[in-house]
Amino acid sequence: MYTMGIDIGSVATKCVILRDGQETVAGCCIPKGTGTSGTQQTLERIYRESGLQRSDISYLIATGYGRTRFEDADDNVSELTCHTRGVSFFVPDVRTIIDIGGQDAKAIQVGENGRMLNFVMNDKCAAGTGRFLEVMSSALETTVDQLGELSARSTIKLNISATCTVFAESEVISLMSSGFEITDIIAGIHTSVARRVGGLAKRVGIEPRIVMTGGVAQNSGIVRAMEEELKMPVSVIPQAQLTGAYGAARIAWERATG
Ligand code: ADP
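Residues numbered from 1 in each chain as written. Predicted model: local features only at pLDDT ≥ 70, side-chain atom pairs only at ≥ 80, totals over all residues. Heavy atoms only, no water.

### Some words on the sheet that holds strand E5 (residues 75-76)
In a beta sheet, neighbouring strands pair by backbone hydrogen bonds and run either parallel or antiparallel.
Here's step 1: Pairing is mixed across the open sheet formed by five strands, whose spatial order is E3-E2-E1-E4-E5. Because the sheet does not close on itself, it has two edges, and the strands there are strand E3 (23-30) and E5.
Here's step 2: Looking at chain direction, strand E1 (residues 2-8) and strand E2 (residues 13-19) are connected through seven bridges and run antiparallel. Each bridged residue has a counterpart across the sheet, and for Gly5 the counterpart in E2 is Val16.
Here's step 3: Across the sheet, helix H8 (residues 243-257) is in contact with E1, E2, E3, strand E4 (57-63) and E5; its angle to E1 comes to roughly 140 degrees. (Pairing = 2+ DSSP bridges. Helix = DSSP H or I, 4+ residues; strand = E, 2+ residues; numbered from the N terminus. Contact = heavy atoms within 4.5 Å. Axes fitted to C-alpha atoms, helices over the stretch in contact; angles between N-to-C directions.)

Okay, structure coming up:
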């Protein structure tokens, strides 16, 4: 039996097909979010890669910011629930999830049964989200996928004091014009994001094991900065950006079989 989860996010659309709730048949991500052609492109790609079509999918769950606007799903489920289920699928002993997406950041407390107990969220301000890192990358003439590697070469700790994205961008430009190394500036940016998101995690109550999800978890510099901020190890699963889609596909399987 095949089930599908589609996570229609603010900046990217992610999709996963599972066989019998366990085996990954296909998974893909298109960097286009809700309100764009991202949904259509993601579906075309996953059906092409899997050789399946909609009629082969027993149950389809949509999640993410754009989930209610997708009419081809059997149901939709909140991204908090789907991220929690997705992480628990890979890391059963997870107790804290830190999810940084394109436009928000969330900290989720998970119970021993793998269910969400509590969460804290920032969706009011770009600082501490993927958008902040995108704005900084563009000011530094690099891309988000380079940030982890570049920050690993940093030798001094720079402090980015502005919390607002616009002011932080001015601060970064001023550091660049003063001749500071881009590697050190990026490490400073990561520390500033970790401080902000770490604050959310502390409010929800941090307990090991901590797992980071969302597209930004692919940035190893953020993961390192978060470990320094929380003074605890932080795990990342290889499918970090697909976690919500995995959770949705798992819930779809439970619905189809339950
Ligand atoms: P949403 O669900 O809100 O659409 P995602 O969880 O898909 O967000 O994360 C999107 C964010 O992930 C983007 O802001 C982007 O900057 C970041 N991102 C995507 N790919 C990478 C990568 N390879 N390395 C670092 N960051 C990435």
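Read on, since the account is not over.
### Examining the sheet that holds strand E8 (residues 116-122)
Here's step 1: Spatial ordering of the open sheet is given by E8-E7-E6-E9-E10, a layout of five strands whose pairing is mixed. Edge positions in the sheet fall to E8 and strand E10 (234-236), since each of these pairs with one other strand and no more. Put simply, the sheet's adjacent strands are angled 25 degrees from each other on average, direction ignored.
Here's step 2: With five bridges joining them, strand E6 (residues 96-100) and strand E7 (residues 105-110) adopt antiparallel strand pairing. Its bridge partner lying in E7, Ile100 is registered against Ala105.
Here's step 3: Along the sheet, helix H7 (residues 220-230) contacts E6, strand E9 (210-213) and E10; its crossing angle with E10, the most-contacted strand, is approximately 155 degrees.

### A word on the site of the ligand
Here's step 1: Taken together, 17 residues sit near the ligand, with Ser10, Lys14, Glu134, Gly215 and Gln241 positioned nearest.
Here's step 2: Separating an oxygen atom of the ligand from a side-chain N or O atom of Lys14 is a distance of 2.8 Å.
Here's step 3: Measuring from a nitrogen atom of the ligand, one finds a side-chain N or O atom of Gln218 at 3.3 Å.
Here's step 4: Here the ligand loses 84% of its free accessible area of 580 Å² to cover by the protein chains.
Here's step 5: Partitioning the shell around the ligand into residue classes produces four nonpolar, ten polar and three charged. (Near = heavy atom within 4 Å. Polar contact = N/O pair within 3.5 Å; in protein donor to acceptor, adjacent residues only side chain to side chain. Areas by Shrake-Rupley, 256 points an atom, 1.4 Å probe, with all protein chains shown as cover. Nonpolar A, V, L, I, M, F, W, Y, C, P; charged D, E, K, R; others polar.)

### Let's talk about helix H3 (residues 130-139)
Here's step 1: Burial of H3 is extensive: seven of the ten residues sit out of reach of the surface.
Here's step 2: Taken together, the buried positions of H3 are occupied by Gly130, Phe132, Leu133, Val135, Met136, Ser137 and Ala139.
Here's step 3: For H3, the secondary structure elements touched by its buried residues are E6, helix H4 (147-151), helix H5 (165-177), helix H6 (182-204) and H7.
Here's step 4: Glu141 sits one or two residues past H3 and shows a positive phi near 55 degrees. (Buried < 20%, exposed > 50% of the residue type's maximum accessible area, 1.4 Å probe, protein only.)

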